[in-house]
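Chain by chain, the residues run as shown.
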Amino acid sequence: MSTTNNSVAGTEPVEPTATSLGPEENVLGAISYLFSPLTGILVYLLEDENEFARFHAAQSIVFGVASILVYVTLNVATTVMAMLVGDLLGFLITVVSFLSQMGLGFALLLVWLYLLVTAFQGKRTSLPLLGSMAEEHLL
């Protein structure tokens, strides 16, 4: 007789409750990710009572800022490298950079969708590094 554990590591289902802004906490948590980090900042600043919504807002801010920083860093690094090495090698670096940015963008899209859906389902899903940063510095 074995028992199955359907919970995903890092998720804690909660019962949705109302927030000071009006919508239930799961809706507000999902809205936090909609246009991350902008909607995360809005929810974080406007919602002062509901811990679930504030957590997802804080994680949305950290996730959005980290995503932007990774993209900018990758763009600047490859642009500088392409300018320094010359025509043919610079072109190859640009192509590899484009392909890696497409892959990174797809991976970030999948993580973003996962966070949005799990927040809407009422689960407190914490990303391994970014979730702890959000809890430590913003909550």
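Everything below is about the structure shown above.
Residues numbered from 1 in each chain as written. Predicted model: local features only at pLDDT ≥ 70, side-chain atom pairs only at ≥ 80, totals over all residues. Heavy atoms only, no water.

J.: I tried to follow the overall build of the protein chain on my own but got confused; where do I start?
T.: Assigned secondary structure in the protein chain consists of 5 helices and 0 strands. Helices and strands in the protein chain line up, N terminus first, as α-α-α-α-α. For the protein chain, buried positions account for 35% of its 139 residues. Residue pairs at least 24 apart in sequence account for 69% of intrachain contacts in the protein chain once pairs closer than 6 positions are excluded. About 8600 Å² of surface is accessible on the protein chain, with carbon and sulfur atoms providing 72% of the total. (Helix = DSSP H or I, 4+ residues; strand = E, 2+ residues; numbered from the N terminus. Buried < 20%, exposed > 50% of the residue type's maximum accessible area, 1.4 Å probe, protein only. Contact = heavy atoms within 4.5 Å. Areas by Shrake-Rupley, 256 points an atom, 1.4 Å probe, with all protein chains shown as cover.)

J.: What is the right way to read the packing of aromatic side chains from this model?
T.: To describe a pair of aromatic rings, you give the distance between the ring centres and the angle between the ring planes. Scanning the model with the defined rule gives 0 aromatic pairs in all. The cationic tip of Arg54 hangs over the ring face of Tyr44; the distance from NZ or CZ to the ring centre is 4.4 Å. The side chain of Arg124 reaches across the aromatic face of Phe55, ending 4.1 Å from its centre. (Phe/Tyr/Trp six-rings, centres within 6.5 Å; stacked < 30°, edge-to-face > 60°. Lys NZ or Arg CZ within 6 Å of the ring centre and 35° of its normal.)

J.: Help me understand the pattern of salt bridges in this model?
T.: Two side chains with opposite charge may pair up if their charged atoms get near one another. Taken as a whole and assessed by the stated rule, the structure comprises 1 salt bridge. A salt bridge links Glu135 to Arg124, with the nearest nitrogen and oxygen atoms 2.9 Å apart. Of this pair, Glu135 sits in helix 5 (residues 130-138) while Arg124 sits in the loop between helix 4 (87-120) and helix 5; the two residues are 11 residues apart in sequence, bridging distant segments of the chain. (Salt bridge = Lys/Arg side-chain N within 4 Å of Asp/Glu carboxyl O.)

J.: Just to check I follow, could you spell out the packing of helix 3 (residues 51-85) against helix 4 for this structure?
T.: In a packed pair of helices, the relevant descriptors are the angle between the two axes and the axis-to-axis distance. Between helix 3 and helix 4, the shortest axis-to-axis distance is 9 Å and the interhelical angle comes to 175°. One way to sum up the angle between helix 3 and helix 4 is to call them roughly antiparallel. Looking at the contact of helix 3 with helix 4 residue by residue, the class counts come to 16 nonpolar, 11 polar and no charged. (Axes fitted to C-alpha atoms, helices over the stretch in contact; angles between N-to-C directions. Parallel < 35°, antiparallel > 145°, perpendicular 65-115°, else oblique. Nonpolar A, V, L, I, M, F, W, Y, C, P; charged D, E, K, R; others polar.)

J.: I would appreciate a short explanation of the environment of Glu135 in the present structure.
T.: Judged by its relative accessible area of 34%, Glu135 is partly exposed. For the pair formed by Glu135 and His56, sequence separation is 79 residues and the distance between their alpha carbons is 9.7 Å.

J.: Where do I start with unusual backbone geometry in this structure?
T.: Both trends apply: most residues other than glycine have a negative phi, and most peptide bonds are in trans. Put simply, Ser36 and Pro37 share a cis peptide bond, and its omega is 5°. Looking at the secondary structure, you find Pro37 in the loop between helix 1 (25-34) and helix 2 (38-46).

J.: Where do I start with the packing of helix 3 against helix 5 in this structure?
T.: Contact pair helix 3 / helix 5: the axes reach a minimum separation of 8 Å and the direction vectors enclose 115°. Helix 3 and helix 5 meet at a crossing whose hand is right-handed. In this structure, helix 3 contributes Arg54, Phe55, Ala58, Gln59, Ile61, Val62, Phe63 and Ala66 to the contact, and helix 5 contributes Leu130, Gly131, Met133, Ala134, Glu135 and Leu138. Taken together, the residues that form the contact of helix 3 with helix 5 break down as 10 nonpolar, 2 polar and 2 charged. (Left-handed = near helix turned anticlockwise from the far one by under 90°.)

Limitation: the analysis is restricted to geometry and does not speak to function.
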